[in-house]
Amino acid sequence: MAHTARSRRTTAALAALSIGILALTACNGDAENDVTTPGTHASPSATGTDEGTDTPSSADPGDGGGGSGKSSGSPSTPPSSPKPGADDDQDGGVGMCETADLTYNVTVASRPVNHALLTASNKGSDPCLLSGNELVITIPGLDGAAGHMGPNGKDWILKPGESAYAGIMFSRADTAGGKSTDKVEVALTASESPTTVPVNDGPITVNDSQVTSFFGTAEDALTY
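Quantities reported herein were computed from a predicted structural model and do not represent experimental measurements.

A. Quick look at the overall build of the protein. Counting its secondary structure elements, the protein contains two helices and 12 strands. The order of helices and strands in the protein, counted from the N terminus, is α-β-β-β-β-β-β-β-β-β-β-β-β-α. Counting over 224 residues, the protein shows a buried share of 25%.

This is how it looks when you write it as structure tokens:
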């Protein structure tokens with residue numbers, strides 16, 4: 001009987017040991033599964049991070065494009081327009097030459113015949129703007145002013161000491177008669193009072209007087 005009891009206790013102990021071993025094995029298996037599970041969940045987490053990075057990256061070009069569009073669409077500031085007349089003042093503020101501002105010399109020319117040369121010089125200390133086409137020549141005792149001949153001139157600045165020249169034709173070779181005179185009257189414009197200028201190497205006979213515009217050289221003035 002005693003032997004039977006020991007055998008049962010031994011059998012029970014072995015059974016208990018087996019159950020313990022099985023339980024330990026089961027626990028170890030669960031532990032391995034738990035270790036594997038975090039590694040498995042890590043991949044979706046990394047993938048989610050990549051997707052999050054892609055989203056801002058794809059948005060940047062759009063933002064940049066929007067900024068660029070605003071820059072190109074914004075109107076540029078137009079350049080300021082010059083004040084009226086600012087660029088039209090070609091004389092730089094220089095006043096017009098008046099008849100009294102200049103000195104005059106009239107000399108009979110050797111060529112062409114029946115011509116005289118008018119020299120007008122700036123006797124002042126300041127430059128002035130000489131009108132190219134308003135010169136008025138009259139002969140004392142004769143009605144009317146000399147007609148214009150040759151091309152039209154341009155207004156130009158006459159500096160102190162500089163001279164301008166005009167040719168005067170006082171008679172035509174094919175016209176007989178006329179008035180003899182040793183002086184002419186000169187005015188730079190019709191609105192001014194003329195100054196009387198003696199004719200060097202005169203007198204001259206005047207029957208059909210004409211005058212050119214002002215030129216920069218005597219040769220040009222006596223071409224017409």
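B. Seen up close, the nonpolar core. By size, the foremost hydrophobic cluster in this structure holds 27 residues, and its most contacted members are Leu 118, Leu 135, Ile 137 and Phe 214. For this core, the elements supplying multiple residues, two or more each, are strand E1 (102-108), strand E2 (115-122), strand E3 (128-130), strand E7 (163-169), strand E9 (183-187), strand E10 (195-200) and strand E11 (204-206). Not counting the four nearest positions on each side in its chain, Ile 137 is found in contact with Leu 118, Ala 145, Ala 146, Ile 168, Val 184, Glu 185, Val 186 and Val 211.

C. Molecular detail of the environment of Thr 175. Mapped onto the elements of the fold, Thr 175 is located in the loop between E7 and strand E8 (179-181). On the basis of relative accessible area, Thr 175 is assigned to the partly exposed category, the value being 32%.

D. Just the packing of aromatic side chains, in detail. In total, this model carries one aromatic pair according to the counting rule given. Seen in terms of ring centroids, Phe 215 and Tyr 224 are 5.9 Å apart; in terms of plane orientation they differ by 20°. Their pairing is stacked. Judged by its relative accessible area of 15%, Phe 215 falls in the buried class.

E. The arrangement of the environment of Asn 114 in detail. Within the fold, Asn 114 resides in the loop between E1 and E2. Asn 114 sits in the partly exposed class, given a relative accessible area of 24%. Between the C-alpha atom of Asn 114 and that of Thr 205, which follows or precedes it by 91 residues, the distance is 8.4 Å.

F. Seen up close, the confidence of the model for the protein. When pLDDT is averaged across the protein, the result is 73; 58% of the residues are at 70 or more. Considering only residues more than four positions removed or in separate chains, one finds that residues 22-29, a stretch of pLDDT under 50, has zero contacts. Counted against residues more than four places away or in other chains, residues 31-89, with its pLDDT under 50, gives one contact.

G. Unusual backbone geometry, seen in detail. Going from Arg 111 to Pro 112, the amide bond is cis rather than trans, its omega being -15°. Cis peptide bonds are those with omega within 30 degrees of zero, and the linkage from Gly 202 to Pro 203 qualifies with 10°. The phi dihedral of Asn 114 falls on the positive side, at around 60°, and the residue is not glycine. Backbone geometry places Asp 201, a non-glycine residue, at a positive phi of 70°. Mapped onto the fold, Asp 201 is located in the loop between E10 and E11.

Here is what the cut-offs are and how they apply
Residue positions are given per chain, counting from 1 as you read along its sequence in written order. pLDDT decides what is reported in this predicted model: residues at 70 or higher carry local features, side-chain atom pairs at 80 or more are listed and counted, and totals for whole chains, interfaces and linings draw on all residues regardless. Only heavy atoms go into the side-chain values, all of them from the structure, while hydrogens and water stay out. Secondary structure elements are defined from DSSP: runs of H or I of at least 4 residues count as helices, runs of E of at least 2 residues count as strands, and each element is numbered from the N terminus. The classification of residues rests on relative accessible area computed with a 1.4 Å probe and restricted to protein chains. Under 20% of the type maximum is buried, over 50% is exposed, and intermediate values are partly exposed. Grouping buried Ala, Val, Leu, Ile, Met, Phe, Trp, Tyr and Cys residues that are joined through side-chain atoms within 4.5 Å yields what is termed a nonpolar core. The criterion used for residue contact is that any of the two residues' heavy atoms lie within 4.5 Å. Each aromatic pair joins two rings of Phe, Tyr and Trp (for Trp, the six-membered one) with centres within 6.5 Å, and gets the label stacked for planes under 30 degrees apart, edge-to-face for over 60, and tilted for any other angle. Per-residue confidence from the predictor is given as pLDDT, running between 0 and 100.

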